[in-house]
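Close look at the chain arrangement
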Amino acid sequence: MTAQDVQKPYSKWYSTYVILALCLGSIAYGYDYSIISTTVGQPGFYKALGLTTDPTDEKLYSFTTAMIGTIFGLFSTGAIFGAIFTGWMCDAHGRRPTLMVACIVNIVGGAIQTGSVHVAMFIIGRFVTGFAAAIFVTLVPIYIAEIAPPAKRGFLVGQHGAFFVLGYATAAWVGVACFFSSNTEFQWRFALSLQILWPIIMSGVVSYIPESPRWLVTQGRTEEAWDVLARLHYDPKDATQHFAREEFYQISTQVAIDKAAYGDFNVLDLFRKRHFLKRMLISALVMYMSQTQGNLVIYSNIVSLVSGLGYNNAQSLILSGGFISTGCVMSFVNSTYLDRLGRVKSMLIGLTGANIVLCVMVGVIATYTGTDNTAALKVGIASFFFFLAFWAGFCDTTIYVYCSEIFPTHLRAKGMAWSIAVFMLCSTAMTEGSTTGYARLGTKFNIIFIVLTAINIVLIWWFVPETKGLSLEEINGLFGEEVSVQLTNITKDERIRLDALIGGVSIGAKQDLSSPPSFSNEKSGAMEKNETV
């Protein structure tokens, strides 16, 4: 086999193509979640569904308030069921088929919302779309985490967070553009119809996305797993493809050790086994923190909050678009330094900064709403942007990176599903309650977020371990479990021994990439004795 023969089917850009394709699912989730925020700012929406924004019509206005809360809440409820489904589907049938299911369900949900003629029909559409959105937001970070090199995993998985905020921003600006249409039906139906666009595009590229190599190893499909890894981590400068061979060895031995240690796995073991329970509690804390910090509630109500500062509907929608665009930029920025700064430190900085700004925001809005103090009102608007800059710049991307990497391969889908279910459960409680909370307490409702975040900062600092730089298999060691092979931070002697274990191919020798590397006999002994290299 010549060098040209090896390089022809492989490309150093292959992993980039795969990750960008997966991020279409991230955009779909972001657009699905966010589009409702501008929809409830469109006059035509209320007229078409028999609702009102006129508080003088007390009975209908009360009904409208309840329905808006239900519309927000039922999306999250559907997402809880979608997350649970993903935990089963990913392990039973693989990551790629689950993506296709998400595309189909998302298209159906978007179509129902676009064609709604009654508020009940719209609510059903939001529930269905929430189910699909949860599949995307659960699966995409898992998928990327399972194919990303440890040193770049924060940046690569971080693209999920950055791209779903891009979905948020796209929804915001589409809503702004539609507001200026003279056709009141077009104002809200067109924006909702674009929920169908992203899953349609993704359904066309799913067949080009490889199955997760870690899932393939758990199914005993090692030849397919090696083919995927060799393509994902192909380095034209390394004829031996050393990194891909090391990772394949680490994945294979860790899966073998995990199967020997835990055998047939029961879902209840997630809560009965100490190592798993610790992960479940930490991931729940991280996702609970993300909701009780108030960012999604504030964004979901951004139009009404800004209107309270004296801005009209058009101005409020434009400021909403600028608000979330800031989040989009900062989420991309967050992913660029996450591998250097670390996950825990990033969350602590973001929580602390956002909470300080939130205190300022509450004070300004409570004191100057309804006044003509232009300077104070500008400070109020600026506080929204600084709040999001801290949250998106340090936390929004980080929470998905962290929860996607702390679970072992045989639990990752179920663990991430649990994380998203907690996220959506908290989101349901917060969004359902926020409509009534803001109606009755105004901006003082945000004091709840200030108090809870102060508590969460202490909990994150005390209980959450750092994971940066470690492979997914090495993270097991943070939770008291055995790591079959250590690839990071090893000595020169350990590196020599590792090279011998993975086949002893000398540097510069050509490796046939068409079949899995054959490991030395010492490998089986290491696996049987559960030794750590």
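Along every chain, residues carry numbers that run from 1 in the direction the sequence is written. For a predicted model such as this one, the threshold for reporting local features is a pLDDT of at least 70, and the threshold for listing and counting side-chain atom pairs is 80 or more; totals across whole chains, interfaces and linings nevertheless cover every residue. Side-chain numbers here rest on the full set of heavy atoms in the structure, without hydrogens or water.

**Describing the overall build of the chain**
Regarding its fold elements, the chain presents 24 helices and zero strands. Type-normalised accessible area, obtained with a 1.4 Å probe on protein chains alone, sets the label of each residue: buried when under 20%, exposed when over 50%, and partly exposed for intermediate values. Looking at the chain residue by residue over its 533 residues, the buried ones come to 58%. For the chain, the share of sequence-separated contacts (at least 6 apart) that also reach a separation of at least 24 residues comes to 81%. Working definition of accessibility: Shrake-Rupley area with a 1.4 Å probe, residue cover restricted to the visible protein chains. Surface summary for the chain: the accessible area is close to 20,400 Å², and the carbon and sulfur share equals 64%. A run of DSSP states H or I qualifies as a helix once it reaches four residues; a run of E qualifies as a strand once it reaches two. Both are numbered from the N-terminal end. Between two residues, a contact is recorded if the distance between any of their heavy atoms is within 4.5 Å.

**Focus on the environment of Phe-136**
Mapped onto the fold, Phe-136 is located in helix H6 (residues 119-147). In sequence terms Phe-136 and Ala-102 are 34 residues apart; their C-alpha atoms lie 6.7 Å from each other. If we skip the residues at most four places from it in the chain, Phe-136 touches Gly-25, Ala-28, Tyr-29, Leu-99, Ala-102, Cys-103, Asn-106, Pro-141, His-160 and Met-202.

**Let's talk about the packing of helix H7 (residues 153-179) against helix H8 (residues 184-193)**
Here an axis means a line fitted to C-alpha atoms, over the contact stretch when the element is a helix, while the angle between two N-to-C directions is reported on a 0 to 180 degree scale. Across the interface, H7 lies against H8 with an axial gap of 8 Å and an inter-helix angle of 155°. It follows from the interaxial angle that H7 and H8 lie roughly antiparallel. You can see that H7 and H8 cross each other, and the crossing is right-handed. The segment H7 lies against H8, with Val-174, Cys-178 and Phe-179 engaging Phe-186, Gln-187, Phe-190 and Ala-191. For classification, angles of less than 35 degrees are called roughly parallel, those exceeding 145 degrees roughly antiparallel, those between 65 and 115 degrees roughly perpendicular, and all remaining angles oblique. Put simply, a crossing is left-handed when the front helix is turned counterclockwise from the back one by less than a right angle, and right-handed when it is turned clockwise.

**Examining the pattern of salt bridges**
Each salt bridge in this description consists of a side-chain nitrogen of Lys or Arg and a carboxyl oxygen of Asp or Glu lying within 4 Å of one another. Enumeration according to the criterion identifies 14 salt bridges in this entry. Residues Asp-91 and Arg-95 are paired through a salt bridge, measuring 3.4 Å at the closest nitrogen-oxygen approach. Here Asp-91 matches Arg-95 in class, with each residue buried. As a salt-bridge pair, Glu-185 and Arg-189 come within 2.5 Å of each other at their nearest N and O atoms. Here Arg-189 and Glu-185 lie together in helix H8, a separation of four residues that amounts to about one turn. Residue Arg-189 is classed as buried on the basis of its relative accessible area of 19%.

**Details of the packing of helix H5 (residues 95-114) against H6**
The N-to-C vectors of H5 and H6 enclose an angle of 155°; their axes lie 8 Å apart at closest approach. When the axis of H5 is compared with that of H6, the two are roughly antiparallel. Handedness of the crossing formed by H5 with H6: left-handed. Residues belonging to the contact of H5 with H6 are distributed by class as follows: 17 nonpolar, seven polar and four charged. Put simply, Ala, Val, Leu, Ile, Met, Phe, Trp, Tyr, Cys and Pro go in the nonpolar bin, Asp, Glu, Lys and Arg in the charged bin, and everything else, Gly too, in the polar bin.

**Let's talk about the packing of aromatic side chains**
Here a pair means two rings of Phe, Tyr or Trp (six-membered ring of Trp) with centres within 6.5 Å. Their orientation is stacked below 30 degrees between planes, edge-to-face above 60, and tilted elsewhere. This model, assessed by the stated rule, comprises 26 aromatic pairs. Both rings, one in Trp-226 and one in Phe-248, keep their centres 5.6 Å apart while their planes meet at 70°; by these two values the pair is edge-to-face. Linking Trp-226 in helix H11 (residues 222-232) with Phe-248 in helix H12 (residues 242-262), this pair joins segments that are 22 residues apart in sequence. By relative accessible area, which is 0% here, Trp-226 ends up buried.

**Brief notes about the confidence of the model for the chain**
Per-residue confidence from the predictor is reported as pLDDT, which spans 0 to 100. Looking at the chain, the pLDDT average stands at 84 and 87% of residues meet or exceed 70. The spread of mean pLDDT over the elements of the chain runs between helix H1 (residues 3-7), the lowest at 37, and H5, the highest at 97. Under a pLDDT of 50 for its full length, residues 520-533 has, in the predicted model, 30 contacts with residues more than four places off or in other chains.

**Thoughts on a nonpolar patch on the surface**
Candidate patch residues must exceed 30% relative accessible area and have no salt bridge, after which like charges are joined if within 9 Å and Val, Leu, Ile, Met, Phe, Trp or Tyr side chains if within 5 Å. Taken together, the side chains of Trp-173, Phe-180 and Ile-318 make up a nonpolar region of the molecular surface, amounting to roughly 320 Å² of accessible area. The residue Phe-180 is located in the loop between H7 and H8 in this model. Phe-180 gets classed as exposed once you look at its relative accessible area, which sits at 54%.

**Concerning helix H22 (residues 447-463)**
For a helix, the expected span equals 1.5 Å multiplied by the number of residues minus one. Under the 1.5 Å per step criterion, the end-to-end length of H22 is 25 Å for 17 residues, consistent within 8% with the ideal 24 Å. Every buried residue of H22 is listed here: Phe-449, Ile-450, Leu-452, Thr-453, Asn-456, Ile-457 and Ile-460. Seen along its axis, H22 keeps its buried residues to an arc of 165°; they face one direction. Exposed positions of H22 whose direction lies more than 90 degrees from the buried face are Val-458 and Trp-462. It is the directions from the helix axis to the C-beta atoms whose arc is reported.

**Focus: the nonpolar core**
With 140 residues, the main nonpolar core has Leu-22, Tyr-29, Phe-45, Leu-99, Met-202, Tyr-400 and Ile-460 as its most contacted residues. Tallying contributions element by element places H6 first for this core, with 16 residues. Once you skip the residues sitting within four places of it in the chain, Leu-22 turns out to touch Leu-99, Val-140, Tyr-143, Ile-144, Ile-147, Met-202 and Ile-209. To qualify as a nonpolar core, a set must consist of buried Ala, Val, Leu, Ile, Met, Phe, Trp, Tyr and Cys residues joined through side-chain atoms within 4.5 Å.

**Observations regarding the side chain of Arg-153**
Topologically, Arg-153 is positioned in helix H7. Those residues in contact with Arg-153, other than ones at most four positions away along the chain, are Ala-145, Ala-148, Gly-158, Asp-339, Arg-343, Glu-405, Thr-467, Leu-470, Ser-471, Leu-472 and Ile-475.

**Considering the side chain of Thr-292**
Inspection of the secondary structure assignment puts Thr-292 in helix H14 (residues 274-292). The class of Thr-292 is buried, set by a relative accessible area of 1%. Polar side-chain contacts of Thr-292 include one of 2.9 Å to the backbone oxygen of Tyr-288. Polar contacts here mean pairs of N or O atoms no more than 3.5 Å apart (in protein, one a potential hydrogen donor and the other a potential acceptor; neighbouring residues in sequence count only if both atoms are side-chain atoms). A polar contact of 2.9 Å, which involves the side chain of Thr-292, links it to the side chain of Asn-456. Once residues lying within four places of it in the same chain are set aside, the contact partners of Thr-292 are Met-430, Phe-449, Leu-452, Thr-453 and Asn-456.

**What to know about the environment of Ala-413**
Here Ala-413 lies in helix H21 (residues 412-441). The class of Ala-413 is buried, set by a relative accessible area of 0%. Along the backbone, Ala-413 and Gly-94 are 319 residues apart, and their C-alpha atoms lie at a distance of 9.9 Å. Ala-413 has contacts with Gly-87, Cys-90, Asp-91, Arg-95, Thr-138 and Ile-142, leaving out every residue within four places of it along the chain.

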